[in-house]
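The residues making up each chain are set out below.
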Protein chains: 2
Amino acid sequence: MKSEEAFLGFIDEFFPNKHDFLVLGRGDDCAVLKADKDYCVSSDLFLEDVHFRRDYFSPADIGYKALAVNISDIAAMGAKPVAFTMDLMAPADVDDDFWREFLKSMSMLARQNDIVLAGGDLSRADRIGVSISIFGVSGSTGFIRRGNCSYGDILFTIGDIGLARAGMMSLEAVGEKARETLPAAVMAHLRPKPKIMIGTLLNAAGVKALMDVSDGLARDLPRLLGPDLGADLTLDASMLNSNVITFAETIGIDPVEFAVLGGEDYALLGAVSPFEAGKAESVPGFTRIGTVTRTPGITLNGQPFTAEGFDHFSQ
Amino acid sequence: MKSEEAFLGFIDEFFPNKHDFLVLGRGDDCAVLKADKDYCVSSDLFLEDVHFRRDYFSPADIGYKALAVNISDIAAMGAKPVAFTMDLMAPADVDDDFWREFLKSMSMLARQNDIVLAGGDLSRADRIGVSISIFGVSGSTGFIRRGNCSYGDILFTIGDIGLARAGMMSLEAVGEKARETLPAAVMAHLRPKPKIMIGTLLNAAGVKALMDVSDGLARDLPRLLGPDLGADLTLDASMLNSNVITFAETIGIDPVEFAVLGGEDYALLGAVSPFEAGKAESVPGFTRIGTVTRTPGITLNGQPFTAEGFDHFSQ
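Nothing here was measured: the structure is a model prediction, and the numbers come from that model.

Analysis parameters
- Residues numbered from 1 in each chain as written.
- Chains lettered and ligands numbered in written order.
- Predicted model: local features only at pLDDT ≥ 70, side-chain atom pairs only at ≥ 80, totals over all residues.
- Heavy atoms only, no water.
- UniProt positions renumbered as here; feature names shortened; annotations may be inferred.
- Helix = DSSP H or I, 4+ residues; strand = E, 2+ residues; numbered from the N terminus.
- Contact = heavy atoms within 4.5 Å.
- Pairing = 2+ DSSP bridges.
- Polar contact = N/O pair within 3.5 Å; in protein donor to acceptor, adjacent residues only side chain to side chain.
- Least-squares fit on C-alpha atoms with pLDDT ≥ 70 in both.
- Phe/Tyr/Trp six-rings, centres within 6.5 Å; stacked < 30°, edge-to-face > 60°.
- Buried < 20%, exposed > 50% of the residue type's maximum accessible area, 1.4 Å probe, protein only.
- Axes fitted to C-alpha atoms, helices over the stretch in contact; angles between N-to-C directions.
- Left-handed = near helix turned anticlockwise from the far one by under 90°.
- Nonpolar A, V, L, I, M, F, W, Y, C, P; charged D, E, K, R; others polar.
- Buried area = accessible area lost by both parts, 1.4 Å probe.
- Salt bridge = Lys/Arg side-chain N within 4 Å of Asp/Glu carboxyl O.

A. Molecular detail of the UniProt feature "binding site: ATP" (unreviewed entry) in chain A. The UniProt record marks Gly 120, Asp 121, Arg 145 and Ser 214 of chain A with the feature "binding site: ATP" (unreviewed entry), using the residue numbering of this structure. An extended arrangement is adopted by the annotated residues: their sequence extent is 95 residues, and the largest C-alpha distance between any two is 30.5 Å. By secondary structure assignment, the location of Gly 120 of chain A is in strand S5 (residues 116-123). Apart from residues lying up to four places away in sequence, Gly 120 of chain A is in contact with Met 86 and Asp 87 of chain A together with Ser 43 of chain B. Assignment of secondary structure puts Arg 145 of chain A in the loop between strand S6 (129-137) and strand S7 (154-158). In this view, Arg 145 of chain A contacts Lys 208, Ala 209 and Leu 210 of chain A together with Val 23, Leu 24 and Asp 28 of chain B; residues no more than four positions away in its chain are not counted.

As structure tokens, then:
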């Protein structure tokens, strides 16, 4: 890929430049998004050797996950993604085949979710990096925020916790062999599934608070609760994917504790009033994990739980 | 700066989290922007050793320019910026003082333009990198696009061409000494001034096409004209900043040719009908550079001009 123009040709090959929400598409100083509804907006980085490794992520995995983690932030608002912009860092030694697979895979995920690529930038860099900003809209029930919980609310997750971390640690430890021993965990790390439909159903079901679990339940739960409330969690191994149990036992850690520490789960974590929980409980994957308490602090199966999930930044 | 939380504290110190266009601010999975008017959207990368060097860019220069180049894309639509998101790559060896100066300088530019920081992401990386997405709105006259020119239209620039490139090349060649010999050129490279007010005036004045000159006039003019039209340019050295003339003569290149090749000018380039040029001509800095011709191809002072401005990506 010798020039910016050649790369833009690639982009046009895979990404349509029309969408109901796009008044003006790629190719001008700015794209223009229609002012139909309020837009929710999120930005995420996806960087080589920080968030992924070329050792075990295929070009298609990288293209997929860079967009998937952004879609997940839209799902956590109970919203639907419509458009994104992408800033791409492209080392000179990465060949055309890599970018073709990367863009093809990303474009398939975009098409599945009816999201248009509305612009971006391209630059040389030492390592591959993707910065995506994504835009979503919601239906008549608006967006679901964090921090809107009350004492007695039911806490729930949808999606596996700890599974992606088991996959990542296993890939780091034994490489490709992990695909045979822990296939679900490896896929949870390489190809997290954004939960747009689930988020929309939870929104219609009247849940009070919702967020994306990206730093692990232990770190993210206090962010859902805010500074004034706490939680009593009740979790047992039967609620976990068997790959989490296998991996945690291999490294000699209690599987429930491993799952709660988690990281990059891209599960949804929410709260719903016990008086209005019926509809939410019927959403596929709804797993009750505990209740909101009057005072700050978290207990796990009756024991104070103070450990922190991982901090991508300090590590 | 030891943790993501500490960095977010820094951000909150410098950037307010309220704005007329912000329904929900930083701190949730997404921010929410009000659906008042169509939004124009642009994204740009600003990377260490590609777009800037720490040798001669101060932390305040880096923070300023990372946002300024994005604001310039909004100016080129004849629009007004309202919000931006920032993904930041932060090497472990960059200290708190650096980030304080970086954020303070960026926040001053944001405040001057009434732009709110609506979210972002933070990650470790080997080199400093900034990816910004910016959102703007326009008045009753809408957005000014590219490619809307006709035969006979007057072509104009507002802002110095070639000046930033003279500054960059001089800083690369002689380092800090360049500040004494070519102060205007150095400032054009370190602190380009986004032309929001000018863009708004040009919009009200009814110009037909407008764009941001970021890759040099020679490369960007065909993008303004589109595939079916050309241009006859008439430029002489009296239209150039004296620093461009000094520098071009030092390296033995014709100053006009050097200026037309340019790069990172962040000047505005536009077209206006000769029958409606009166208002546009009175906008400060309006410099007539030529006219649109019936067939593709550019002439400069009567000679065919085929040289290309620089391609950030292929170099």
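B. Spotlight on the sheet that holds S7 of chain A. Residue and element names in this part refer to chain A. Ordered in space as S8-S10-S7-S11-S9-S12-S13, the seven strands form an open sheet in which the pairing is mixed. This sheet does not close on itself; its edge strands, each paired only once, are strand S8 (209-213) and strand S13 (303-304). In this structure, S7 lies alongside strand S10 (residues 267-272), joined through five bridges in antiparallel fashion. The residue of S10 that forms the bridge with Phe 156 is Gly 270.

C. Representation of the UniProt feature "binding site: Mg(2+) 4" (unreviewed entry) in chain A in the model. In this structure's numbering, the residues bearing the UniProt feature "binding site: Mg(2+) 4" (unreviewed entry) are Asp 29, Ser 42 and Asp 73 of chain A. Separation in sequence by 45 residues is matched in space for these annotated residues, since their most distant C-alpha atoms are 26.6 Å apart. If sequence neighbours within four positions are ignored, Ser 42 of chain A has contacts with Asn 70, Asp 73, Ile 132, Ser 133 and Ile 134 of chain A together with Asp 29 and Cys 30 of chain B. Among the polar contacts listed, one links the side chain of Ser 42 of chain A to the side chain of Asp 73 of chain A, at a separation of 3.2 Å. Structurally, the position occupied by Asp 73 of chain A is in helix H2 (residues 59-75).

D. A look at the relation of the copies chain B and chain A. Aligned on chain A, chain B shows an RMSD of 0.0 Å; the corresponding rotation is 180 degrees and the shift along the axis is 0.0 Å. Here the transformation between the copies is reduced to the relation of a two-fold axis. No C-alpha of chain B approaches the rotation axis more nearly than that of Ala 35 of chain B, which lies at 2.5 Å. By residue overlap, the copies meet face to face through one surface: 100% of the interface positions of chain B are interface positions in chain A.

E. Examining the packing of aromatic side chains more closely. Counted according to the given criterion, the structure contains 28 aromatic pairs over all chains. Here the aromatic rings of Phe 15 of chain A and Phe 84 of chain A are separated by 6.2 Å at their centres, their planes lie at 70 degrees, and the arrangement is edge-to-face. Here Phe 84 of chain A lies in strand S4 (residues 80-89) and Phe 15 of chain A lies in the loop between helix H1 (4-14) and strand S1 (22-24), a separation of 69 residues in the sequence. Accessibility assignment for this pair places Phe 15 of chain A and Phe 84 of chain A in one class, buried. Between Phe 7 of chain B and Phe 10 of chain B, the aromatic rings sit 6.5 Å apart at their centres with planes inclined by 35 degrees, giving tilted as the arrangement.

F. Region of the structure containing the packing of H2 of chain A against helix H3 (residues 96-112) of chain A. All names here are of chain A. For the pair H2 and H3, interaxial distance at closest approach is 7 Å and the crossing angle is 35 degrees. Here H2 runs over H3; the crossing is right-handed. Mapping the contact onto sequence places Pro 59, Ala 60, Ile 62, Gly 63, Tyr 64, Ala 66, Leu 67, Ala 68 and Ile 71 in H2 and Phe 98, Glu 101, Phe 102, Ser 105, Met 106, Leu 109 and Ala 110 in H3. Residues belonging to the contact of H2 with H3 are distributed by class as follows: 13 nonpolar, two polar and one charged.

G. Summary view of the interface of chain B and chain A. Of the residues lining the interface, 61 residues belong to chain B; the matching set on chain A comes to 61 residues. When chain B packs against chain A, the two sides together hide about 4,900 Å² of surface, and 53% of this comes from carbon and sulfur. Across the salt bridge formed by Arg 223 of chain A and Glu 5 of chain B, the nearest N and O atoms sit 3.5 Å from each other. Counting across the chain B and chain A interface gives 30 residue pairs in polar contact (both at pLDDT 80 or more). With eight residues, the top contributor of residues to the side of chain B that touches chain A is strand S3 (residues 39-47) of chain B. For the side of chain B that touches chain A, the per-class residue count stands at 28 nonpolar, eleven polar and 22 charged.

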